Amino acid sequence: MGCRGTYAAGRNVPFTYKTVGMFHGIKVLEGMGGKHALPEEAHSSLAYAKLHKDGNLQMLRFYDRDKFLVLEIGYHPAPELTGHRDPVYHIHEYKRDNFNDRPSRLFTDEDLEKYGKYLTMKGHLK
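For the structure given in this document, a descriptive report is provided here. (Residues numbered from 1 in each chain as written. Predicted model: local features only at pLDDT ≥ 70, side-chain atom pairs only at ≥ 80, totals over all residues. Heavy atoms only, no water.)

Describing the sheet that holds strand β4 (residues 57-63)
- Read across the sheet, seven strands follow the order β1-β2-β3-β4-β5-β6-β7 without closing on themselves; strand pairing throughout is mixed. Sheet topology places β1 (17-23) and β7 (104-106) at the edges, where each strand pairs with a single neighbour. The sheet shows a mean angle of 30° between the axes of neighbouring strands, taken without regard to direction. (Pairing = 2+ DSSP bridges. Helix = DSSP H or I, 4+ residues; strand = E, 2+ residues; numbered from the N terminus. Axes fitted to C-alpha atoms, helices over the stretch in contact; angles between N-to-C directions.)

Things to note about the pairing of β1
- Pairing of β1 with strand β2 (residues 26-31) involves six bridges; the strand directions are antiparallel. In the strand pairing of β2, Met 22 is matched with Lys 27.
- Connecting β1 to the next strand, β2, in antiparallel fashion are two residues, including His 24 with a positive phi near 50°.

Focus: the pattern of salt bridges
- Under the definition given, this model contains seven salt bridges.
- Where Lys 18 meets Glu 30, a salt bridge forms, and the shortest distance between an N and an O atom there is 3.5 Å. With Lys 18 in strand β1 and Glu 30 in strand β2, the pair connects residues that are 12 residues apart, well separated along the chain.
- Note on Lys 18: relative accessible area 39%, which makes it partly exposed.
- The network of salt bridges with shared partners includes Asp 64, Asp 66 and Arg 96. (Salt bridge = Lys/Arg side-chain N within 4 Å of Asp/Glu carboxyl O. Buried < 20%, exposed > 50% of the residue type's maximum accessible area, 1.4 Å probe, protein only.)

Quick notes on the packing of aromatic side chains
- For the structure on display, the rule yields four aromatic pairs.
- On the basis of an interplanar angle of 70° and a centroid distance of 5.5 Å, the ring pair of Tyr 48 and Tyr 63 is categorised as edge-to-face. Within this pair, whereas Tyr 48 is found in strand β3 (residues 47-51), its partner Tyr 63 is found in strand β4, the two being separated by 15 residues in sequence. Across this residue pair, the class does not change: Tyr 48 and Tyr 63 are buried.
- Measuring from ring centre to ring centre gives 5.4 Å for Phe 62 and Tyr 115, while their planes differ by 45°; the resulting arrangement is tilted. With a gap of 53 residues between them, Phe 62 in strand β4 and Tyr 115 in helix α2 (residues 109-115) connect regions that are remote in the sequence.
- Given a relative accessible area of 16%, Phe 62 falls into the buried group.
- Classification of Tyr 115 by relative accessible area gives buried; the value is 9%. (Phe/Tyr/Trp six-rings, centres within 6.5 Å; stacked < 30°, edge-to-face > 60°.)

So, in structure tokens, the structure goes:
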């Protein structure tokens, strides 16, 4: 996976992530060569996950059919949402035409129904 727009535009570049497992049909990736975040676009899947060292979810990204990032579930501090620096699960929704415009919000009951199974990955990695 390369820089934004590379795979979505049909241009191949060297891989900078490796698959280290699967969870609920989602590839769990680990960065190579100093990469730490998940890719901004998909290569071959509609979702990718990244785990904390303890095996729990750190980040989960969902992509549209054109391989552009549309939604991210993160587990890290979000003081703008909570007023504190403790990690919290929350959602970023991305706009296709403006990658930097990604408002964040806390989970709703509907989000928990839809995405709750992904929030605890520890012990379920294959």
